[in-house]
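Chain and residue survey
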Amino acid sequence: MRHEVDFLVVGSGIAGLSFALKVAEYGKVCILTKGDAAEGSTRYAQGGIAAVMYDSDSFDKHIQDTLVAGDGICDREVVEMTIREAPERIRELVKYGVNFDLDRKGDKFDLHREGGHSEFRILHHKDNTGEEIERGLLEAARSHPNITIKERQFAIDIITQHHLGQRVTKHTPGIECYGVYALDCDTNRIDTYLARVTLLATGGMGNVYSTTTTPVISTGDGVAMVHRARGVLSDLEFMQFHPTSLYNPAEKPAFLITEAMRGAGAVLKDRDGKEFMQKYDSRLSLAPRDIVARAIDNEMKLSGKDYLYLDARGIGKKHLIEGFPTIYAKCLSIGIDITRDMIPIRPAAHYQCGGIKVDRRGESSIRHLYAAGECSCTGLHGGNRLASNSLLEAVVYAHNAAMDAIEQVKHISFKTEVPDWNAEGMVLNEEMVLITQTKRELQEIMWNYVGIVRSDLRLQRAFDRLNLIFRETEDLYNRSVLTEPLSELRNLIACAYLIIKMARARRQNVGLHYSLDLVNPE
Ligand code: FAD
Ligand code: SIN
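Residues numbered from 1 in each chain as written. Chains lettered and ligands numbered in written order. Predicted model: local features only at pLDDT ≥ 70, side-chain atom pairs only at ≥ 80, totals over all residues. Heavy atoms only, no water.

Around ligand 2, the surrounding shell consists of Gly47, Glu114, His242, Leu256, Thr258, Glu259, Arg289, His350, Arg385, Ala387 and Ser388. In this structure, arginine 385 approaches ligand 2 through a side-chain N or O atom, which is 2.8 Å from an oxygen atom. Note that an oxygen atom of ligand 2 is positioned 2.6 Å from one of the backbone N or O atoms of serine 388. For ligand 2, whose free accessible area comes to 260 Å², the fraction covered by protein is 92%. (Near = heavy atom within 4 Å. Polar contact = N/O pair within 3.5 Å; in protein donor to acceptor, adjacent residues only side chain to side chain. Areas by Shrake-Rupley, 256 points an atom, 1.4 Å probe, with all protein chains shown as cover.)

Here it is as structure tokens:
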């Protein structure tokens, strides 16, 4: 089936929905989302969204904190623009119906503090901020007459000149996007969506790793699509590992213990109940995430243990139960009373700082193709994202992309000569084990060789192993009817390849990229 829409949005998290709500005043919007509309990293965000809302804080301080966390390689102009725009974007979220907690008097936002922040500046809704943001935006989008949300529609590839029979390489000037091919997961039919403007808001790629806080939908689809379309990608070596996911090995994704808990006074301890962060950084448990995750990784390796502890007991029973109700209930459900017991934790893959390279307007190197949210790389995060800057980046860039797309859309027509997807001669692959086992292998390779601490030998090993997996999976792809699991596996392999390639090219330890064979910058 063929469809024509003015604005095509792939993804229904904070980035996709914010963009859709803005452009909907100027044309028809179709949102494709591969699962239920509410599913994505956004709904799991706990800590909140960073913004300077009052005079007690300053833009300069937030800018400085972001630059320090980014380890000297952020794009300063992007940092300044994003942080100065933040209050306006927060006010818009509130207008769309999102509730943030207020202080006791009820006239100001209640602000939390997280690692790397010099001030209390995290707006939040208890410890389930993302759920509240997703609820508010989704309700607003669902009630907009110009927005259609199509669930269980899996975008496979963006359509470019390549699909018109032209040879496209990464050196081809003027690659254009005409829309996407998408698999209807219920009927297995592949539809052609032609669009004047397309936005990728497909989220992260945490499932490249065996332990991740990200939901199962985070398989790097947008990044892999742009890679296949020969677009520009950047900074993928900077995978952020969150220091404190709940140690509950059978659970996927790993449940997050928000950094805001350390902001409220919780401290990291080893298995003997002793604090250890003084060995690593003067900011102790509130040092930036890369430093804390590496410290935990080192302590775990030295002691040979699978987990360490976060001790939140000092926060006090009332504050813990009222301020962190989701975490309190979750831990209690597995027999841990956080008001009395220490919480077993370990690091987990959490956030991809790199992605589809976009300019200040949110446009990628492929014309008429925008990207926003975690799948994009704006230059804000540099080598390491500051906590709670990612929801912020998503709303700021969704706004910038929307403003530009509204201008561009008037001059873009549909490319009606695009052919439909050709699935002739393909057979249905019935051996799911080929896909599930390969995915597991990939995730273990990445966790063991391309994790928090890397080395030249580990990266080489990962690359060699990945090569075999890549060839086997391409062979399967060339023979099989396309399914969602197969497509996701190909995308994960592409993302893993890109992470390794960029990690090998980075010859200095910076931000989240840390190799035993490299020196630290002066
Ligand atoms: P997502 O919310 O992940 O949405 C991606 C969307 O794309 C989904 O709708 C998905 O179905 C769709 N999609 C993907 N691929 C396809 C495809 N092929 N076809 C169709 N649809 C597709 N950041 C903060 O700033 N503050 C926090 O407190 C915070 N806490 C976090 C806690 C957790 C547990 C996690 C995992 C992340 C947290 N982050 C936080 C990071 C932040 O939540 C994410 O970076 C952000 O929500 C990403 O939003 P997004 O719109 O880019 O993507
Ligand atoms: C957290 O709540 O610790 C996560 C915040 C983030 O990822 O920015």
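Here the narrative resumes.
The subject of this paragraph is the packing of helix α5 (residues 221–228) against helix α13 (residues 484–505). Their axes nearest at 8 Å, the elements α5 and α13 cross at an angle of 75°. One finds that α5 runs roughly perpendicular with respect to α13. Of the residues in α13, those touching α5 at Asp221, Val223, Ala224, His227 and Arg228 are Glu488, Arg490, Asn491, Ala494, Cys495, Tyr497 and Leu498. (Axes fitted to C-alpha atoms, helices over the stretch in contact; angles between N-to-C directions. Helix = DSSP H or I, 4+ residues; strand = E, 2+ residues; numbered from the N terminus. Parallel < 35°, antiparallel > 145°, perpendicular 65-115°, else oblique. Contact = heavy atoms within 4.5 Å.)

Describing two packed helices takes the angle between their axes plus the distance from one axis to the other. Running from N to C, helix α1 (residues 14–23) and helix α10 (residues 390–408) cross one another at 35°; their axes reach a closest spacing of 8 Å. As α1 packs across α10, the resulting crossing turns out to be right-handed. Taken together, the residues of α10 that come into contact with α1 (itself represented by Ile14, Ala15, Ser18, Phe19, Lys22 and Val23) are Leu391, Ala394, Val395, Ala398, His399, Ala401, Ala402, Met403, Ala405 and Ile406. Tallied by class, residues from the contact of α1 with α10 come to 13 nonpolar, two polar and one charged. (Left-handed = near helix turned anticlockwise from the far one by under 90°. Nonpolar A, V, L, I, M, F, W, Y, C, P; charged D, E, K, R; others polar.)

Moving on to helix α9 (residues 325–333). Here α9 has its buried residues at Ile327, Tyr328, Lys330 and Cys331. Elements that come into contact with the buried residues of α9 comprise β11 (239–246), α6 (260–263), α8 (317–323) and β14 (343–352). Taken from the residues just after α9, glycine 335 is the one with a positive phi, measuring 90°. (Buried < 20%, exposed > 50% of the residue type's maximum accessible area, 1.4 Å probe, protein only.)

Before going further, it helps to examine the sheet that holds strand β12 (residues 267–269). One open sheet accounts for four strands, arranged β11-β14-β13-β12; its pairing is antiparallel. Each edge of the open sheet is held by one strand with a lone partner, namely β11 and β12. Put simply, the sheet's adjacent strands are angled 45° from each other on average, direction ignored. In the sheet, strand β13 (residues 308–311) pairs with β14 via three bridges, with the strands oriented antiparallel. Residue leucine 308 lies in a different strand from β14, and its bridge partner there is isoleucine 345. (Pairing = 2+ DSSP bridges.)

Counting across every chain of the model gives 43 salt bridges. Of the charged contacts in the structure, one is a salt bridge between aspartate 420 and arginine 2, with a shortest N-O distance of 2.7 Å. With aspartate 420 in the loop between α10 and α11 (432–449) and arginine 2 in strand β1 (residues 2–10), this pair connects stretches of sequence that are 418 residues apart. A relative accessible area of 37% means that arginine 2 is categorised as partly exposed. One salt bridge connects aspartate 191 with arginine 189, and the closest N-O pair in it is separated by 2.7 Å. The class for aspartate 191 is buried, based on a relative accessible area of 1%. With a relative accessible area of 34%, arginine 189 lands in the partly exposed category. Overlapping salt bridges, with partners in common, bring together Lys22, Glu85, Arg89 and Glu92 in one network. (Salt bridge = Lys/Arg side-chain N within 4 Å of Asp/Glu carboxyl O.)

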